Amino acid sequence: MDFNVKKLASDAGVFFSRAVQFTEEKLGQAEKTELDAHFENLLARADCTKNWTEKILRQTEVLLQPNPSARVEEFLYEKLDRKVPSRVTNGELLAQYMTEAANDFGPGTPYGKTLIKVGETQRRLGAAERDFIHSASISFLTPLRNFLEGDWRTISKERRILQNRRLDLDACKARLKKAKAAEAKAAAEHELRLTQTEFDRQAEVTRLLLEGINSTHVNHLRCLHEFVESQTNYYAQCYQYMLDLQKQLGRFSGTFVGNAESTSPAAATSPPAVAAATVPAVPTIPVVPTIVGVPNTVAEGVLNPNEVKPPASGTRKARVLYDYEAADSSELALLADEMITVYSLPGMDPDWLIGERGNQKGKVPVTYLELLS
């Protein structure tokens, strides 16, 4: 007990003397050993790396998990060294709601069929998001955390030791200047040599750790490439899922509109009004008047390419945005970036146009085209 009290008193005395020494250095009343310029640059580089790593880490966590409550929960589970429970993604939850709604509305109705199709895609998007979050956490977030909780803590510890060694060195220099007697000077010089040796040794250890920041940058650069690759794959998956969904909905959008017309008394007298109310706005070409001698095959729902002739006016050029595989002989397969001629016919579904490429013609979805002047 007596030893502990003495040690506590000694530590308090050292703390007080160093506080006084710091104050005197700030006021220019005490000598301060300066580190060389290279060492100072290493310290500044390390501090910069630590600060930006923290910011990038925190913002990446926000990107992967926008819900702050969920982030706090995951943080607590990690600190308790327990497995984080699986959480349903927003896309998967939306898919569940859409499926349940389709069952209530009737899976055989146009709205119910569409809800099921969209719900399936949302479920796939949610699963892709889950895989992306998992991949990004392992390949990017974990290395950043390991640096802050491992290498940086070691660097900070050695820097504190170096600071203490510097203070001891400067205190010895001050005592040597104040020493008058030869015996006191000899003792002060011996203590100064020992303190200088300890300071130089600690400075070398700290310098080696600080130079290791270059290796940290190389490692973080590799992790950044992996993060970008994971994000690219994720967005590519989402893009493909949505293209597939768009193609599926485009194939039977006319059927849905027809069903809506047959179930609504008002629709029987005003089909254009129903189409305007149920079909989203897309770029269209003005519908030309009915031409005598041209069968209204589109209005009947069956397109015979050999019977379709372009109108005298109203044709336009269009650039194909995405590849499109024809569902049947009435449609025209498309290749991305090719140019085709398009036009509309009376009674035609506004989601579709007639496309011509040389001697080939057929229906093409408007959403796959960029209409040119």
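Residues numbered from 1 in each chain as written. Predicted model: local features only at pLDDT ≥ 70, side-chain atom pairs only at ≥ 80, totals over all residues. Heavy atoms only, no water.

Engineer: Whenever I open this one, the packing of aromatic side chains confuses me. Can you help?
Structural biologist: Aromatic ring pairs: the centre-centre distance and the angle between the two ring planes describe each pair. Under the definition given, this model contains ten aromatic pairs. Their ring planes at 25 degrees and their centres at 4.8 Å tell us that Phe140 and Phe227 sit as a pair that is stacked. Taken together, the residues span a long stretch of sequence, with Phe140 in helix H5 (residues 110–178) and Phe227 in helix H7 (residues 213–263) at a distance of 87 residues. Note on accessibility: Phe140 and Phe227 belong to one class, buried. Residues Tyr324 and Tyr368 carry aromatic rings whose centres are separated by 5.1 Å and whose planes lie at 65 degrees to one another, so their mutual orientation is edge-to-face. A residue pair is termed long-range when its members are at least 10 positions apart, and Tyr324 in the loop between strand E1 (316–320) and strand E2 (339–343) and Tyr368 in the loop between strand E4 (360–365) and strand E5 (369–371) qualify at 44 residues. (Phe/Tyr/Trp six-rings, centres within 6.5 Å; stacked < 30°, edge-to-face > 60°. Helix = DSSP H or I, 4+ residues; strand = E, 2+ residues; numbered from the N terminus. Buried < 20%, exposed > 50% of the residue type's maximum accessible area, 1.4 Å probe, protein only.)

Engineer: Explain the pattern of salt bridges to me, please; I cannot follow it from the model alone.
Structural biologist: Pairs may arise between side chains of opposite charge once their charged atoms sit close together. Summed over all chains, the structure comprises 15 salt bridges. The salt bridge partner of Arg145 is Glu61, with a shortest N-O separation of 2.8 Å. Within this pair, whereas Arg145 is found in helix H5, its partner Glu61 is found in helix H2 (residues 37–64), the two being separated by 84 residues in sequence. A relative accessible area of 18% places Glu61 in the buried class. Two residues, Glu204 and Arg207, come together in a salt bridge whose shortest N-O distance is 2.3 Å. Highlighted residues: Glu204 and Arg207, both in helix H6 (residues 182–211), separated by three residues, approximately one helical turn. Judged by its relative accessible area of 35%, Glu204 falls in the partly exposed class. When salt bridges with common partners are traced through the structure, they connect Arg58, Glu61 and Arg145 into a single cluster. (Salt bridge = Lys/Arg side-chain N within 4 Å of Asp/Glu carboxyl O.)

Engineer: Looking at this structure, how should I read the sheet that holds strand E3 (residues 352–357)?
Structural biologist: Sheets are built from strands that pair by backbone hydrogen bonding, the pairs being arranged parallel or antiparallel. Taken together, five strands build an open sheet; the order of strands is E4-E3-E2-E1-E5 and the sheet is antiparallel. Sheet topology places E4 and E5 at the edges, where each strand pairs with a single neighbour. Strand-to-strand twist of the sheet, defined as the mean angle between neighbouring strand axes without regard to direction, takes the value 40 degrees. Where E3 and E4 come together, six bridges link them in antiparallel fashion. Looking at the pairing, Ile354 lines up with Lys363 of E4. (Pairing = 2+ DSSP bridges. Axes fitted to C-alpha atoms, helices over the stretch in contact; angles between N-to-C directions.)

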